[in-house]
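These are the residues of each chain, in order.
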Amino acid sequence: MTDLPPPATGGFGALLRRVSPLTVYLWLMALVVLPNILLVGTSFLKSSGGVLVYEPTLANYSRTLASGTVQLLILRTISTAFAAALVAALIAFPLAFYVSRYMKRWKVVAVMLVVVPLWISLLMRVFAWRIILGENGVLNSFLVSTGLLTEPSDAFLYSRFAVILTLAYMAIPYVFVSSYTALERVPQSLIEASQDSGAGLWNTFRNVVWPLSKQGLAIGFALAFLLAVGDYITPSMVGGLDGTMLGMVIASQFGMAGNWPLGAAQSVVLIAAVSLVLGLIFWLARSRGILQSVDAGTGAELRAPQTLRDHLVLWLVRVAVVLPYLFLYLPLIIITVFSFNASQIQTLPLTGFTLDWYVALWGDQNLIDAFQRTMIVALVTVALSVVVGIVFAMVFAYRNLPFSRLLQSGIAIPVAIPGIVLGISIVITAQLLGIQPGIWRVIIGHMTFVMPVVMLIILNRLQRLDPSYVQASLDLGADYGQTFRHVLFPMIRTAVLGGALLGFTLSVDEVIVTLFLTGTEPTLPIYVWNQMRFGFTPSVNAIFTLIGVASVVLILIAMIVIGPDRDQEKT
Amino acid sequence: MLNKSNGPLLRLDQVSKAYGSYQALQPTSISVDEGEFFSLLGPSGCGKTTTLRIIAGFEVPSGGTVHLGGHDITRTPPNHRDTNTVFQSYALFPHMTAAENVAYPLKMRKVPASEIPARVTEAIGQVEMSKFAERLPHEMSGGQRQRIALARAIVGRPRVLLLDEPLGALDLKLREQMQHVLVHLQRKIGITFVYVTHDQGEALSMSDRIAVMSGGRLQQLATPRDLYYQPANSFVASFIGKSNVISGTVETNAGRTVLRSGALSIQMPDRAAKPKAALRYEAIAIGPESEGRDVVFDANVDDALFLGNSVEITLDLGGSRLVAMAPSQRDGQVRPGDPVRAGFNFRDLVPLDD
Ligand SMILES: Nc1ncnc2c1ncn2[C@@H]1O[C@H](COP(=O)(O)OP(=O)(O)OP(=O)(O)O)[C@@H](O)[C@H]1O
Ligand SMILES: [Mg+2]
């Protein structure tokens, strides 16, 4: 990293230069340090009839840790989340391996197809699983009609199995993307060198591919684990009593039970347990050596099948590749199908075709309001995050801040703590600072995790750029503002856009944090959540089908229009 | 060994490779003898790497067969071939130390664990890297990585060692040093080398035989001396060293054969002269040196390029041009515009096929 000289002329850049390091510290203080201190602080307070009493006590911890039920719950939460992450890894990693190493023409499509489900509402996907697993659901109908079961079973839904399955389903795209990225970085020449040394497929995988990609898998696994462990929506929808998780208990302390200090203490305990597990995962995935990217990994050629056995293996592999896609798309198909189904009730058999639910959308003012609110929140969150993200990324890339890595990690903390904990820490902070529930609370809440994502994507791009571009521009007499506009921005714009798109997706679909922050004005996911609990109309299927189709079309257009960075260097 | 009496160790028979509709390698036949230092030489994109990868087993040829020691290995996967490769990018496993990298092929080939340490130490010693055995690849310089890659490739004592521009990434000094290491090592361990390079100097100085390739086609296969003095066509003539290509017409009248090319007309001693011939720069003598040559002519100096130990002189023969290379002298340099006398001998005039 280079520390840049003062610009020849003033302008926007000079101002930026003076202001920016301060804003980094401010952000860190206000949105990371303060909420967490307040959370920990609250856990040492007393609560009396729903009101905080400022009197230090350890009672919340002793109550949390002494209770056999809570202990069991913590254990179950951790093991459920771990199992979900494991299932996701077992499905996503082999798929990522196949796509990365053996696909050529359809590679991009194969990757996009795994990611697309992320753009479809989380709640809807959970709900779809309810339709699949329920007593009158798709699975039971199938099993009974094929004669595998004599009568529908109620064992699928409202069980730990259902929770693990659904959480794993949610996590697959994340594990896939991070594994895929790591696998793509393993140079083909290393694999050839291993074969050349006499290693067969298995030994090459075990000794070369695995050591070089396990960290990518670990990151995906950790992400999956975090998402699962901080989720209280999924277990409450498909889990029943058996599937209860700690998040639900914590959430109730900030809702009906109204005991904030106890909820805070439980959160702190959860974070401690999660940190232990994550520490263990990364310890297991530690590796040595630095991969020099001399040549990128290109696809390997599958040898043309010769024997009958080869043909058999090839077919097995093909089936094994198609299955995860079926798994990923089944719920989405269900949503779409039921958006055209003429019944109010979401069960099989289908009763007939209708467009009523689409028509009804136009009349539902609450839904339209919620949709507009969601768009406003997402757009404002993304716009602010992009501006702040660019400034911060430039600060980290071009200024020698002391403890730069530590500061970056600090800013990214909200991404890495369970959603439930992030939600309540922001509630506590907002309450203290007097920020009322409503749109601004939600926007600030969303920015805590959207901005770091945008910033890290841009920073990653900046750090791969040759710093001499900037120096050349300054050398040619441009000031910082001009340099940014004419040199830097054109080279990072795909990163900016990618970050913005990802941030938008994250914000639009957020439930777990948002639920704590909205008051009486729900965003779309919250509106749907309320619908699901208090009477559901299939119009919701219709709106999410529309959103799904629209986002896929938008992404495709964006990919075609934007094109690659104007930059010869490979990323 | 069996194949000693039965012919070459490695035999490529009409091997070709097409990528889609693009023919990267035309049907090519090459034989390499046991213990030979064999080079594939040619400009970028001519199909050298493709040929090497077919031998190593990373590509299956579109046509033709590959035999190693009398066995057809055309479709044998790389891990079952008795060949090892030194990759241009070294391809050292970044998570293994130098010693672990070198031990890898032994472990994969199920060499008894008790033998491995000694053989690793020996191989690392052969490339003079004993001090670096415990380093990870990123803790070594390019040249050091290169040596470890070499050690990893020879430790399994393959019958053929394949090297793809192994010195391409090194600077000039290190390159020359490594050339010596390679030649020395090859003599010592007696493994057959197939060496890919686009550097003609490297190929000439190291190889027993060289296959010159261009555009996916084998142009000539010969010893370095023969390539230099008897190039088969104008491509080889101009690619190996520096040659004038004289092309014109052959006229025979009154029992005399004359090759005419521009202002030059050469009375050939041979009746079967071809209309195209190569003439090395250094075969043309300038000034008093030209005295007594078979062909002597007058010309003007068009340009003189000082190259240190020699001077490259472009001669103008009233329209056509020839380039001569003369040893440089402290005094008496030639200048553009100077009239000079020049000459060469018939035997330096190499008839070309195309
Ligand atoms: N996988 C491939 N797909 C399509 N074309 C290829 C592929 N590999 C090589 N080629 C083409 O085949 C030709 C020969 O390539 P090859 O790598 O053998 O060249 P080379 O002689 O090793 O060149 P260099 O000295 O630059 O390494 C080139 O024109 C190249 O573009
Ligand atoms: Mg090559």
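Conventions adopted
- Residues numbered from 1 in each chain as written.
- Chains lettered and ligands numbered in written order.
- Predicted model: local features only at pLDDT ≥ 70, side-chain atom pairs only at ≥ 80, totals over all residues.
- Heavy atoms only, no water.
- Helix = DSSP H or I, 4+ residues; strand = E, 2+ residues; numbered from the N terminus.
- Rg over C-alpha atoms; globule rule 2.2 N^0.38 Å.
- Buried < 20%, exposed > 50% of the residue type's maximum accessible area, 1.4 Å probe, protein only.
- Contact = heavy atoms within 4.5 Å.
- Buried area = accessible area lost by both parts, 1.4 Å probe.
- Salt bridge = Lys/Arg side-chain N within 4 Å of Asp/Glu carboxyl O.
- Polar contact = N/O pair within 3.5 Å; in protein donor to acceptor, adjacent residues only side chain to side chain.
- Patch = residues over 30% accessible without salt bridge, like charges linked within 9 Å, V, L, I, M, F, W, Y side chains within 5 Å.
- Areas by Shrake-Rupley, 256 points an atom, 1.4 Å probe, with all protein chains shown as cover.
- Domains from an automatic or database assignment.
- Expected span 1.5 Å × (residues − 1).
- Bend = angle between axes of the 7 residues up to and from the residue.
- Core = buried A, V, L, I, M, F, W, Y, C linked by side-chain atoms within 4.5 Å.
- Near = heavy atom within 4 Å.
- Nonpolar A, V, L, I, M, F, W, Y, C, P; charged D, E, K, R; others polar.
- Axes fitted to C-alpha atoms, helices over the stretch in contact; angles between N-to-C directions.
- Parallel < 35°, antiparallel > 145°, perpendicular 65-115°, else oblique.
- Left-handed = near helix turned anticlockwise from the far one by under 90°.
- Pairing = 2+ DSSP bridges.

Looking now at the overall build of chain A. Scanning chain A for helices and strands turns up 23 helices and two strands. Against the globule reference of 25 Å for 571 residues, chain A gives a C-alpha radius of gyration of 25 Å, in line with a compact fold. Structurally, chain A occupies a C-alpha span of about 75 × 75 × 50 Å along its principal axes. The buried share of chain A, reckoned over its 571 residues, is 52%.

Turning our eyes to something else, we now look at the interface of chain A and chain B. Facing 27 residues of chain A, the contacting portion of chain B comprises 31 residues. Where chain A abuts chain B, roughly 2400 Å² becomes buried across the two surfaces, and 53% of that area is made up of carbon and sulfur atoms. Counting across the interface, chain A meets chain B through two salt bridges. One salt bridge connects Arg288 of chain A with Glu100 of chain B, and the closest N-O pair in it is separated by 2.3 Å. Along the contact surface separating chain A from chain B lie 10 residue pairs in polar contact (both at pLDDT 80 or more). A total of seven residues in the side of chain A that touches chain B trace back to one element, the largest contributor, which is helix H8 (residues 188–196) of chain A.

All names here are of chain A. Together, Trp315, Val319, Val322, Leu323 and Leu326 give the surface a local cluster of nonpolar side chains, amounting to about 510 Å² of exposed area. Residue placement: Trp315 occurs in helix H13 (residues 308–339). The class for Trp315 is exposed, based on a relative accessible area of 53%.

Attention now goes to unusual backbone geometry. Residues and elements named next belong to chain B. The phi dihedral of Tyr90 falls on the positive side, at around 70°, and the residue is not glycine. Among the structural elements, Tyr90 can be located in the loop between strand E6 (83–86) and helix H3 (98–108). Classification of Tyr90 as buried rests on a relative accessible area of 7%. With phi around 40°, Glu165 is a residue other than glycine that occupies positive phi space. Using a relative accessible area of 11% as the deciding quantity, one classes Glu165 as buried.

Let us now look at the domain arrangement of chain B. Residues and elements named next belong to chain B. Along its sequence, chain B is carved into domain 1 (10–233) and domain 2 (243–351). Using C-alpha coordinates to define each centre, domain 1 is positioned 40 Å away from domain 2. At the interface, five residues of domain 1 touch four residues of domain 2. When the two sides are added together, the surface that domain 1 and domain 2 hide from each other amounts to roughly 400 Å², 43% of it contributed by carbon and sulfur. It is Tyr228, Tyr229 and Pro231 in domain 1 that bury the most area against domain 2; as a group they hold 84% of the surface buried on that side.

A word on helix H7 (residues 160–184) of chain A. Since the α-helix advances by 3.6 residues per turn, residues separated by three or four positions end up pointing in the same direction. Residues and elements named next belong to chain A. An ideal rise of 1.5 Å per residue puts 36 Å on 25 residues; H7 measures up with 35 Å between its terminal C-alpha atoms. Of all the bends found along H7, the most pronounced is centred on Ala171 and spans about 40°, while Pro173, a proline, follows it within four residues. Counting buried residues along H7, 19 of its 25 residues qualify, which places the element largely inside the surrounding structure.

Next up on the list: the nonpolar core. Within the largest apolar cluster, 200 residues are counted, with the highest numbers of intra-cluster contacts made by Leu462 of chain A together with Val194 of chain B. In terms of residues, this core owes the most to one element, helix H3 (residues 68–102) of chain A, which gives 16 residues. Contacts of Val194 of chain B, omitting those with residues within four sequence positions, involve Leu10, Val32, Phe38, Leu40, Leu52, Ile55, Val160, Leu161, Leu162 and Leu163 of chain B. Core analysis: the next-biggest nonpolar cluster, separate from the first, contains 39 residues, Leu150, Ile154, Leu161 and Phe193 of chain B among them.

All names here are of chain B. Every residue close to ligand 1 is listed here: Tyr19, Tyr22, Ala24, Ser44, Gly45, Cys46, Gly47, Lys48, Thr49, Thr50 and Glu165. Within the side chain of Thr49, one N or O atom sits 2.5 Å away from an oxygen atom of ligand 1. In the complex, the protein chains occlude 62% of the 630 Å² of accessible area that ligand 1 would expose alone. Residue assignment for the shell around ligand 1 shows that the elements contributing at least two residues are strand E2 (22–32) and helix H2 (48–56). If you tally residues by element for the shell around ligand 1, the top one is H2, at three residues. Tallied by class, the residues present in the shell around ligand 1 amount to four nonpolar, five polar and two charged.

Looking now at the packing of helix H11 (residues 246–253) of chain A against helix H12 (residues 260–284) of chain A. Residue and element names in this part refer to chain A. The geometry of H11 relative to H12 is characterised by a closest axis approach of 8 Å and an angle of 150° between their N-to-C directions. Compared by their axis directions, H11 and H12 come out roughly antiparallel. The hand of the H11/H12 crossing is left-handed. Across from Leu246, Val249, Ile250 and Gln253 in H11, the residues of H12 making contact are Trp260, Leu262, Gly263, Gln266, Ser267 and Leu270. Tallied by class, the residues present in the contact of H11 with H12 amount to six nonpolar, four polar and no charged.

Bringing the sheet that holds strand E10 (residues 217–222) of chain B into the picture now. Residue and element names in this part refer to chain B. The sheet built from six strands is open, its strands ordered E6-E7-E8-E3-E9-E10 with mixed pairing. At either end of the open sheet lies a strand with only one pairing partner, and these are E6 and E10. The average angle at which neighbouring strand axes cross in this sheet is 20°, direction not considered. Here four bridges tie strand E3 (residues 37–41) to strand E9 (residues 209–214), and the two strands are oriented parallel to one another. Opposite Ser39, over in E9, you have Ile210 as the bridge partner. In the packing of H2 onto the sheet, contacts are made with E3, E6, strand E7 (160–164), strand E8 (192–197) and E9, and the angle to E7 comes to roughly 150°. Running at roughly 175° to E6, helix H5 (residues 142–154) makes contact with E6 and E7 of the sheet.

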